[in-house]
Amino acid sequence: MTRKVSLAVVIVTVMVALTLVPVFAQDEFVFGMVFVGPENDRGWSQAQYEGGQYIEQNLPGSRMVFFPSLNTADNPETTLMDVAQNMVDEGAKVIFTTSDAFEEDTDAVAEAVPDVVFINTSGDNVLTGEAPANVGNVMGQMEWGKLIAGCAAGLTTETGKIGYLGPLINGETRRFAASAYLGARYCYGLKGGNPDDLQFTVTWIGFWFNIPGVTLDPTEEVNTLYDTGADVVLSGIDTAQAIEIAGQRVANGERVWAIPYDFVGSCDIAPDACLGVPFFHWGPAYLAVAQAVQDGSWSPSWDWVSPDWADINSDQSIVGFLQGAGLSDENKAALNGVIADLAGYATNPFVPDSFALWAGPLNLQDGTELAAAGQLVDPLDVWYLPQLLQGMVGASE
Amino acid sequence: MRSHRLISATFIVLPVVVAVLFTSLLVMLVGNEPGEVFQTVWMGAFRNSNALAAVVNFWRPLVMVSMGLVITFTAGLWNIGVEGQMMMGAVFASWAARSLALPHPIQISAEIAAAALGGALWAGLAGVLKTRLGVNEIFGGVGLNALANLLAIYLISGPWQPPEGGSAHSTTPFPANSLLQPASTEFPVSMVALGLAFASIIGVTLALRGTRWGLQLKATGKSSASARLMGVPTTRSVISAMMVCGMLAGLAGSYRVLFTYESLRPLVSGGIGFLGLLVVLLAGIRALWTPFIAFAFAAIMAGSTRLRVSLQLDASLAGVLQGALVLLVLLSNGLRGRVVEWSDRRAAKQAASVSETASPGARHE
């Protein structure tokens, strides 16, 4: 008897709960965003989050639902599938899975939810043809941002030693570290140094951010880079340890600098230690996707978006470089000159599609030739860079 | 007797009510409506078959670990190493998934057997450390957990790294032939794995109730020294309890790699082993209660994903509710003992005074 009563109570409760599902307003456009880290990490995930806010501000009736810190350490009970299902049930029409860590899972989830569009940021499964038809890829051409960042480091270094704090090792992270290296060599030469004397050391922590017990500790690695003679450390990870440490050291009177990454506001952590930040401004690219999904014109594509060369820091540019207070006036002027040269190169109709400074003679770390003298590296060979470049110190795999 | 039952019932209901009130208070403090929050968690867990599948997919490893822990708790062991045993199960299953290419049913059986072996060996090691070298299973377990994690990270970022390069994120996904298959797209749960979970629930319950081994575990758990005097092979009890628990933990770990993530990832055990300890404590080490409490935990955990998506509330609120529940239940168990003692004493006193007033009359007669 009591069992029957309790069963009835459970059933009634379920039914009542189901009828209470909020009815979605007709003109509301819901989109989902999934972050690998917290939305306030002052790095990659925060830049993604602000991209979502940009859609909310510019697409009337749009509403963001998001899930932060989706990784086995922070949310072991939740998979991308669970999160996406929840977002779809909230009414999401497009879901941005904003990390390389979601690349494989995005394809699997998209297959299970075919009438929702999935955008995997930084992935290339659309390019390779592995992705289902409701998946798209977006990435900004951060190679330019890293060239500029490397240049700022090369102009500033007094010890001739530059450190690069890398996340995990893949094509993306290798090509960004290599771009920074090429920029640093070039600008070290501009200042009258011999580029071959420049030491450029890459340390990989193993993931996009610190997971205690799993990755190397980025704080420790940054300190090691400084302690072994580097006076500029560039960050390639999602979070802001490099600029935090640099700030502490500057406060102690050391002449060191850092270049954070991803998030436009990250120099604010320690302005005097900051040479500048190459940042992503995802808003416009994401807004275009959301509008296309809303009006039904969306089709899958692999978008590798270049900066707005009229002004890389404009509201329309996906990649920018904000100079920091730590960069001397003389170096600011030199850097502005280099940025203007890069813009000239990128917009020159007579130069084939390529990244500046990615020109031969260039060898991979093991000595294999990447480009002969006078030859440009094909952009896709940059995208899939299989090793670091010859002259860089650090692991390639 | 009747008052005992009433006291028991009160002390089961009371901590649940207090935990819910406590969580509600927290929710109100951060400016949300408790009713809405609980409803959101409920919807997150049970709104449709896909949501239910997410609950079941978390319940499945949790219940297997918990059933294993019922065995070790019965034998008086704090098997903190259960997390590492899950990890070793995941590693062994991953090895089989990567290296073998057999017809699907044989392939899956081989992976499951490998996972069971990995977990059992790792737990057996903790058992041997305890019985032969006098290393408390708690300390041994903590050490072995760390080692198992390191081994997994080494494999992920080293020998088993994806072709594009090294990361501490994941191995290459396993081939489809090596993976457990979902029942359907509406209810993506592996029935093979679910069958194993039910088998382990029934198996553990029966083994503890009706076998000589179960009796020996209980005797060892109650008092190892007297059990030994009574001729119970306590060393064998300890090691076998550990190994059976490790086997179940290994199977739990295999589900995480062969179904949930389809690859080996760091921390793939996800704290489920530690959660299992809470489940079994909450169940008072009763085999039959354990699956239900595990299910409630899984529902709260999976349902709270919804909190984030709908209400922008931190999903770790679920952890607060669970932690409060376990603490309050343990607290109320202690209190119940005192109250029962007190009410017994009062009843005895009353009985004594009744018999005192009654007995002189009896003499007169």
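For every chain, the first residue of its written sequence is number 1, and the numbers climb from 1 along that sequence. Chain labels run from A onward and ligand labels from 1 onward, assigned in the order the entries are written. Under the rules for a predicted model, residues below a pLDDT of 70 receive no local features and side-chain atom pairs below 80 are neither given nor counted, while totals for whole chains, interfaces and linings still include all residues. Hydrogens and waters are ignored; side-chain quantities use all the structure's heavy atoms.

A.B. asks: Could you clarify how one ought to interpret the interface of chain A and chain B in this entry?
C.D. replies: Quite often, the size of an interface is put as the accessible area lost when its parts meet. Contacts between residues were defined by any pair of non-hydrogen atoms, one from each residue, lying within 4.5 Å. Taken together, the contacts link 37 residues of chain A with 32 residues of chain B. Summed over both partners, the interface of chain A with chain B buries about 3,300 Å², with 57% contributed by carbon and sulfur atoms. In short, buried area is how much 1.4 Å probe accessible area vanishes from two parts on joining, totalled over both. When the area that chain A buries against chain B is broken down by residue, the three leading residues are T72, E77 and N86 of chain A, summing to 19%. Here, a salt bridge means any Lys or Arg side-chain nitrogen found within 4 Å of an Asp or Glu carboxyl oxygen. Across the pair R306 of chain B and E90 of chain A runs a salt bridge whose closest N-O atoms are separated by 3.3 Å. Definition of a polar contact: a pair of N or O atoms within 3.5 Å, with one able to donate and the other able to accept a hydrogen when the atoms are protein atoms, and with sequence-neighbouring residues admitted only if both atoms are side-chain atoms. Counting across the chain A and chain B interface gives ten residue pairs in polar contact (both at pLDDT 80 or more). At the level of elements, helix 1 (2-19), strand 2 (62-67), helix 3 (80-89), helix 4 (103-112) and helix 7 (171-190) of chain A are the ones that each hand at least two residues to the side of chain A that touches chain B. No other element matches helix 3 of chain A, which puts six residues into the side of chain A that touches chain B. Here the side of chain A that touches chain B is built from residues that sort into 19 nonpolar, nine polar and nine charged. Comment: elements are numbered from the N terminus, with helices defined as DSSP H or I runs of at least four residues and strands as E runs of at least two. Following the grouping adopted for this structure description, the nonpolar residues are Ala, Val, Leu, Ile, Met, Phe, Trp, Tyr, Cys and Pro, the charged ones are Asp, Glu, Lys and Arg, and the polar ones are all others, Gly among them.

A.B. asks: Explanation requested: helix 7 (residues 191-210) of chain B in the structure shown.
C.D. replies: Helical periodicity: at 3.6 residues per turn, an α-helix aligns residues three or four positions apart in one direction. All names here are of chain B. The first and last C-alpha atoms of helix 7 sit 28 Å apart over 20 residues, in line with the 28 Å expected at 1.5 Å per residue. With a 1.4 Å probe rolled over the protein chains alone, any residue whose accessible area is under 20% of its type maximum counts as buried; one over 50% counts as exposed, and the rest are partly exposed. Here helix 7 has its buried residues at A193, L194, A197, S200, I201, V204, T205, A207 and L208. Projection of helix 7 onto a plane perpendicular to its axis shows the buried side chains occupying an angular sector of 165 degrees, all on one side. In this structure, helix 7 carries I202, L206, R209 and G210 as exposed residues pointing more than 90 degrees from its buried face. Packing partners of the buried residues in helix 7 comprise helix 3 (49-74), helix 8 (212-222), helix 10 (234-260) and helix 12 (290-303). An expected span of 1.5 Å times one less than the residue number is assigned to each helix. This arc is taken over the directions from the axis of the helix to the C-beta atoms.

A.B. asks: What should I look at first to understand the pattern of salt bridges in this one?
C.D. replies: As a working rule, side chains carrying opposite charge can pair if their charged atoms are close by. For the coordinates displayed, the defined rule picks out 14 salt bridges over all chains. Of the charged contacts, one joins R63 of chain A and E90 of chain A as a salt bridge, the two residues approaching to 3.3 Å between their closest N and O atoms. In this pair, R63 of chain A sits in strand 2 while E90 of chain A sits in the loop between helix 3 and strand 3 (92-97), placing the two residues 27 residues apart along the sequence. The exposure class assigned to R63 of chain A is partly exposed, which follows from its relative accessible area of 24%. With a shortest N-O distance of 3.1 Å, E254 of chain A and R249 of chain A are connected by a salt bridge. The class of R249 of chain A is buried, set by a relative accessible area of 11%. Among the charged side chains, a network of salt bridges with common partners joins E28, R63 and E90 of chain A together with R306 of chain B.

A.B. asks: How do you make sense of a nonpolar patch on the surface when you look at a structure like this?
C.D. replies: Residue and element names in this part refer to chain B. Patches here: salt-bridge-free residues with over 30% relative accessible area, like charges joined within 9 Å, nonpolar side chains (Val, Leu, Ile, Met, Phe, Trp, Tyr) joined within 5 Å. Areas reported as accessible are Shrake-Rupley estimates using a 1.4 Å probe. Residue values count occlusion only from the protein chains shown. Taken together, the side chains of I12, V13, V17, L21, L288 and W289 define a hydrophobic patch exposed on the protein surface, amounting to about 540 Å² of accessible area. Relative to the helices and strands, W289 resides in the loop between helix 11 (272-282) and helix 12. By relative accessible area, W289 is classed as partly exposed at 37%.

A.B. asks: I tried to follow the packing of helix 4 (residues 82-99) of chain B against helix 10 of chain B on my own but got confused; where do I start?
C.D. replies: A pair of packed helices is captured by two measures, namely the crossing angle of their axes and the spacing between those axes. Residue and element names in this part refer to chain B. The axes are straight lines fitted to the C-alpha atoms, using for helices just the contacting stretch, and the angles between their N-to-C directions are given from 0 to 180°. For the pair helix 4 and helix 10, the least separation of the axes is 6 Å and the interaxial angle reads 55 degrees. Comparing their axes, helix 10 and helix 4 come out oblique. When you trace helix 4 past helix 10, the crossing you get is right-handed. Where helix 4 abuts helix 10, its residues V82, Q85, M86, G89, A90, A93, S94 and A97 lie against M242, C245, G246, A249, G250, A252, G253, S254, R256, V257 and L258. Of the residues that constitute the contact of helix 4 with helix 10, the class distribution is eleven nonpolar, seven polar and one charged. Roughly parallel here means an angle under 35 degrees, roughly antiparallel means over 145, roughly perpendicular means 65 to 115, and every remaining angle is called oblique. Should the near helix be turned anticlockwise from the far one by less than a right angle, the crossing is left-handed, and should it be turned clockwise, the crossing is right-handed.

A.B. asks: Help me understand the domain arrangement of chain A, please; the structure alone is not making it clear to me.
C.D. replies: Residue and element names in this part refer to chain A. Per the domain assignment, the segments of chain A are domain 1 (26-140 + 283-305) and domain 2 (143-279 + 327-393). A domain assignment, automatic or from a database, supplies the domain bounds used here. The C-alpha centroid of domain 2 is placed 28 Å from the C-alpha centroid of domain 1. Tallying the contact residues gives 24 residues for domain 1 and 24 residues for domain 2. Counting the surface domain 1 buries against domain 2, the share from its top three residues, R42, W44 and W304, is 35%. Taken together, the links from domain 1 to domain 2 amount to one salt bridge.

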